[in-house]
Structure formats: C-alpha cells, structure tokens
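Now for the letters of each chain:
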Amino acid sequence: MRGYVVFLKRPHAARLLGGTLFGRLPNGMGALAVVLHVRADGGGYPLAGTLAAVLGLAMAAGQPVLGRAMDRYGQPRVLVPAACLSAAGFTLLAVVGASPLPVAVAAVVLAGFATPPLEAGLRALWPAVLDGPEQVDAAYALDAAAQEILFSVGPLLVVAAAAISTETALVLTGLVGIAGTLVVALSGPSRRWTGEPRAADWAGPLRSPGLRVLLISLACAGIALGVYAVAVVAYAERLHSGIASGLLLACMAAGALAGGLAYGARPWTGEAHRRLPWLLAALAAGYVPLVLAPGLAAMSVLAFVSGVFLAPVLACSFTLVDRLAPSGTVTEAFAWVVAAIGAGGALGSAVAGFGEKLAGVPGAFAGAGIGGVLALALCLLGGRTLRPAPVRPVPAEVLS
C-alpha cells in the first residue's frame, strides 16, 4: 500500500481524486432517484425503468462529446457548465414529475447527456500530476477500485433524501454533482491542463484500431455488469429475501475494491497489452459460475470472487487507453471507455430480462458469463492492435 500513500501525498492528488469521486456520486444516485420520483408521482415500473435507462444511455452518449470539447477548450470551461445543466435536468424532473411525458424525457436526457466527464478528465490529469508511470498505474488502480464506493454510498444518499421527498433526492443529486465538479475544476492542474495538438478529423480517438478493439471488449464486460445488476434482483425474488440483492451487489463491489487495491499496490513488469487478456480471462472465470445460483452463503462468495478482477481489468485498460489514444484525444478516449461500459450495461439489463424469462434465475446470470467470455475473445482476436504504436508527432498541416 506504500505506493498509494506516496502518490496521494503528491500536490493536488488527494483533492483531485476526492473531488472526482464526490462529483461522480450522481452516477450512483441518478437512476434510483428517477425511479423513486416517477413511482411517487404515480408512474408504473415500466415507465420508471425506461426513464432510468434513458438517463444511462444519454450519459453514455454525452461523455465522448463532452470529452472532445475538453480536449479542445480545457476542463473548467466544459465541466462547470455541464454540471449545472445536468443539475437543471434533475431539477426540472423534480418539478414536472412523470407528466407531461415529453418534458420528463427531455429532463432526463439533459441530466444524463450533460453529466460532466470527471472520470475521463481525472485520468487525463494523472500523468501531469504524478511522478512516473508507476504512480500513474497505482492511481488508475485506486480510481477503478474506489468507484465501487459510488454505487454503495450513492443509493444510500438517495434513500435518505427521499425520506424527505423524492424531489429532494433529485435536487440533491444535481447539487452533489456541481459541488464535486467545482472542487476539481477550480484546482490548479485542471485550470492549467490543455489538450495536445490533434488531427482535424471527425473520428478522433476512434481512428486507433487498438482503441476500437479495447472499447468493444469493455462493452462486453459492461454487458456482464448490466446482467448482474438485474439478475441479483431475480435471485432475491426467488429467495423471497428483501436483502439478498443488496448483499450480492455489495459483495461484488467489495471484491472489486479488494482486487483493485491489490493490483495497484505493486508495480507490474511487462506490457499492459500482454497482461489484459489474462485479467479478462480471470474476470470471465469469475462470472461463469454465477449461473449455478446456489444458496445465499455460497452465492455471496461467488459474487465477491466475480468482482475481484473487475478493477484490475479497468486499471490495465486505462493504461492502454493512455498509450493508444492519438495525440490530442486522450480525454475523449477515456470518455469513450465510460460510454462503452455504460452502453454495454444497458444492453446487459435487457439480456438478463430475456434470460430470466427463458430459463429463470440461472438464465439471467448466464448473460454475465457470456459477456465475460466475449470480452476475452474479442481481446484475443484483436490482440495485435493493442500494442501501442511508436509516438509520431501530428503533421502541422493537419492540426486543427
């Protein structure tokens, strides 16, 4: 753990990590706040679930767009207005509720699409703030592990605020996003950071074949995560247990936290593109046994194990993104990672629903194993493209 202590003592490191995590709490709050408010306003579960899905898809769509803007215009000019617009979307939904529906949909789309890309922005800042690749790798690992806290603390904040009113929960979600964003955007590194020169093309980071392969692979891992979130609810209903779903989500998050901390606590030799397939293989191996859906005690162990390699996979992927992204596109590239996992998660939710209908709880969990295996297969098939190419300056005549 000494590596974590060393990098957190670096100027601005603790502030940036803490502010980013606080500002990203709405990622773990928004969907639940939307569902609770729509239900309180008389909307049914199908409507509530659909609006929550729209929120997630809008956020996935907005991250690359805002990430590209940050590469061009810097961080504060994008982060602060985005956080305010997202909060305005949550506030509008709090005011109008589920009706009129077009306004509710517009509010949710605004709240999701304008979600500030703090996650991508932080990862773009680390190389400038920290001292050497080892500290950057440790930061990526701690970042990936600590994000599991968001999905534990965020829902608790929503439930506490909803005890006052569901409108309070929505407004609080937006305000938390603004507060965390200001902590980051007003810091010296964020104000000074500028993107590198970039080629003037529409594809941006997607012109990197290796990055495309990585994003598709991570989207499949996202399918597994989306499957798991729905499948644990079906499992809890089968047991007639009110706490089983929350317990299994917490066990998986604990596994990811432990795995991420262990991964980042030591320096790794060898190239990240050679390490990633092994980590994905271990991740897939953790997801496959979930289809057995045994008793709660054994299932809790399987849930913990399924999460152990999640944060290491993400941390290793972040290292690759930093090396694969073309010049001037690093923030957008990291934002595409968020979008890929989010889109995969939304697809995974649907996969789990169909799986449960076809084969019950085991059918719901089967999608997690399939997603993990697909992520590994795609990584192996496109493995050659993941090798970082030699750095070449962007010709002056093509710079934007």
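Look a little higher up for the structure.
Along each chain, numbering runs from 1 in the same order as the chain's sequence is written. Only residues with pLDDT of at least 70 are given local features in this predicted model, and only at 80 or more are side-chain atom pairs given and counted; all residues enter the totals for whole chains, interfaces and linings. As a rule here, side-chain values come from all non-hydrogen atoms in the structure, and water together with hydrogens is ignored.

Visitor: Explain the overall build of the protein to me, using residue names and the numbers behind them.
Guide: Each helix and strand counted, the protein has 16 helices and zero strands in total. Burial classification: accessible surface area is computed with a 1.4 Å probe over protein chains only, and a residue below 20% of its type maximum counts as buried, one above 50% as exposed, and the rest as partly exposed. Counting only residues that meet the buried cut, the protein has 51% of its 400 residues in that class. Whether two residues are in contact is decided by their heavy atoms, any of which lying within 4.5 Å being enough. Considering only contacts in the protein between residues 6 or more positions apart, those separated by 24 or more positions represent 83%. Counting rule applied: Lys, Arg positive; Asp, Glu negative; His and chain ends not counted. Just so you know, the charge point we use is NZ for Lys, CZ for Arg, CG for Asp and CD for Glu. The distance from the centre of the 24 positive side-chain charges to the centre of the 17 negative ones in the protein is 5 Å. We count a stretch as a helix when DSSP gives it H or I for four or more residues in a row; a strand needs E for two or more, and each element gets its number in order from the N terminus.

Visitor: Explain a nonpolar patch on the surface residue by residue, including any values.
Guide: Patch membership requires over 30% relative accessible area and the absence of a salt bridge. Like charges are linked within 9 Å, and nonpolar side chains (Val, Leu, Ile, Met, Phe, Trp, Tyr) within 5 Å. Only the protein chains shown count as covering a residue, and every accessible area follows the Shrake-Rupley method with a 1.4 Å probe. In the sections that follow, a salt bridge refers to a side-chain nitrogen of Lys or Arg positioned within 4 Å of a carboxyl oxygen of Asp or Glu. A grouping of V65, L101, V105, V109 and F113 is seen on the molecular surface, where their side chains present a nonpolar patch of about 360 Å² in accessible area. A per-element tally of the nonpolar patch places helix α6 (residues 101-113) first, with four residues. Along the chain, V105 turns up in helix α6. By relative accessible area, V105 is classed as partly exposed at 31%.

Visitor: Would you mind going over the side chain of T166 in detail, with residue names and values included?
Guide: Within the secondary structure layout, T166 lies in helix α9 (residues 166-185). Here a polar contact is recorded for every N or O atom pair within 3.5 Å, except that within protein the pair must consist of a potential hydrogen donor and a potential acceptor, and residues adjacent in sequence are included only if both atoms are side-chain atoms. A polar contact is formed between the side chain of T166 and the side chain of H37, at a distance of 2.8 Å. Leaving out residues up to four positions away in the same chain, T166 has contacts with L36, H37 and A40.

Visitor: An account of the packing of helix α2 (residues 13-23) against α9 is needed here, citing residue identities and associated values.
Guide: Orientation of α2 relative to α9, taken along the N-to-C sense of each, is 160°, at an axis distance of 7 Å. As summarised for this structure, α2 and α9 are arranged roughly antiparallel, according to the angle between their axes. Between α2 and α9 lies a crossing whose hand is left-handed. Across from R15, L16, G19, T20, F22 and G23 in α2, the residues of α9 making contact are V176, G177, A179, G180, T181, L182, V183 and V184. As a working rule, the residues Ala, Val, Leu, Ile, Met, Phe, Trp, Tyr, Cys and Pro are called nonpolar, Asp, Glu, Lys and Arg charged, and the rest polar, with Gly in that last group. Here the contact of α2 with α9 is composed, by residue class, of seven nonpolar, six polar and one charged. Lines fitted to C-alpha atoms define the axes, with helix axes restricted to the stretch in contact, and inter-axis angles between N-to-C directions lie between 0 and 180 degrees. Should an angle fall under 35 degrees it is taken as roughly parallel, and over 145 as roughly antiparallel, whereas 65 to 115 is taken as roughly perpendicular and any remaining angle as oblique. Whether a crossing is left-handed or right-handed is set by the direction in which the near helix is turned from the far one by less than a right angle, anticlockwise for left-handed and clockwise for right-handed.

Visitor: Can you explain the pattern of salt bridges? Please cite residues and give values.
Guide: Applying the stated criterion across every chain, the model contains four salt bridges. Between R24 and E119 there is a salt bridge whose closest N-O contact spans 3.7 Å. Of this pair, R24 sits in the loop between α2 and α3 (25-40) while E119 sits in helix α7 (residues 118-129), and the two are 95 residues apart along the sequence. Assigned by exposure class, R24 and E119 land together as buried.

Visitor: Let's hear about α6: which residues, and what values?
Guide: Expected span of a helix, by definition, is 1.5 Å for each gap between consecutive residues, and there is one gap fewer than residues. Its 13 residues give α6 an end-to-end C-alpha distance of 18 Å, which sits within 8% of 18 Å, the value for a rise of 1.5 Å per residue. Considered for burial, the residues of α6 that qualify are A104, A107, V108, A111 and G112. The buried residues of α6 occupy one face: seen down the axis, they fall within an arc of 125°. It is the directions from the helix axis to the C-beta atoms that the arc portrays.

Visitor: Please provide a residue-by-residue account of the packing of aromatic side chains, values included.
Guide: Ring pairs are drawn from Phe, Tyr and Trp, using the six-membered ring of Trp, whenever the two centres fall within 6.5 Å, and their geometry is named by plane angle: stacked under 30 degrees, edge-to-face over 60, tilted for the rest. This model, assessed by the stated rule, comprises five aromatic pairs. Ring centres of Y140 and F334 lie 6.1 Å apart, and the angle between their planes is 55°; on these two criteria the pair is classed as tilted. Here Y140, found in helix α8 (residues 133-162), pairs with F334, found in helix α16 (residues 330-381); they are 194 residues apart in sequence, far enough to count as distant. Comparing Y140 with F334, the two get one shared label, buried. The interplanar angle of 70° and the centroid separation of 6.4 Å between the aromatic rings of Y235 and F365 together place this pair among those described as edge-to-face. Placement of the pair is Y235 in helix α11 (residues 209-239) and F365 in helix α16, with a sequence separation of 130 residues. Neither residue differs from the other here; Y235 and F365 are each classed as buried.

Visitor: With reference to specific residues and values, describe the nonpolar core.
Guide: Side-chain atoms within 4.5 Å are what join buried Ala, Val, Leu, Ile, Met, Phe, Trp, Tyr and Cys residues into a set we call a nonpolar core. W126, L276 and F365 are the most contacted members of the largest nonpolar core, which has 109 residues in total. Per-element tally for this core: the top contributor is α11, with 15 residues. If near-sequence neighbours (up to four positions away) are discounted, L276 is found in contact with L214, V313, C316, S317, L320, C379 and L386.

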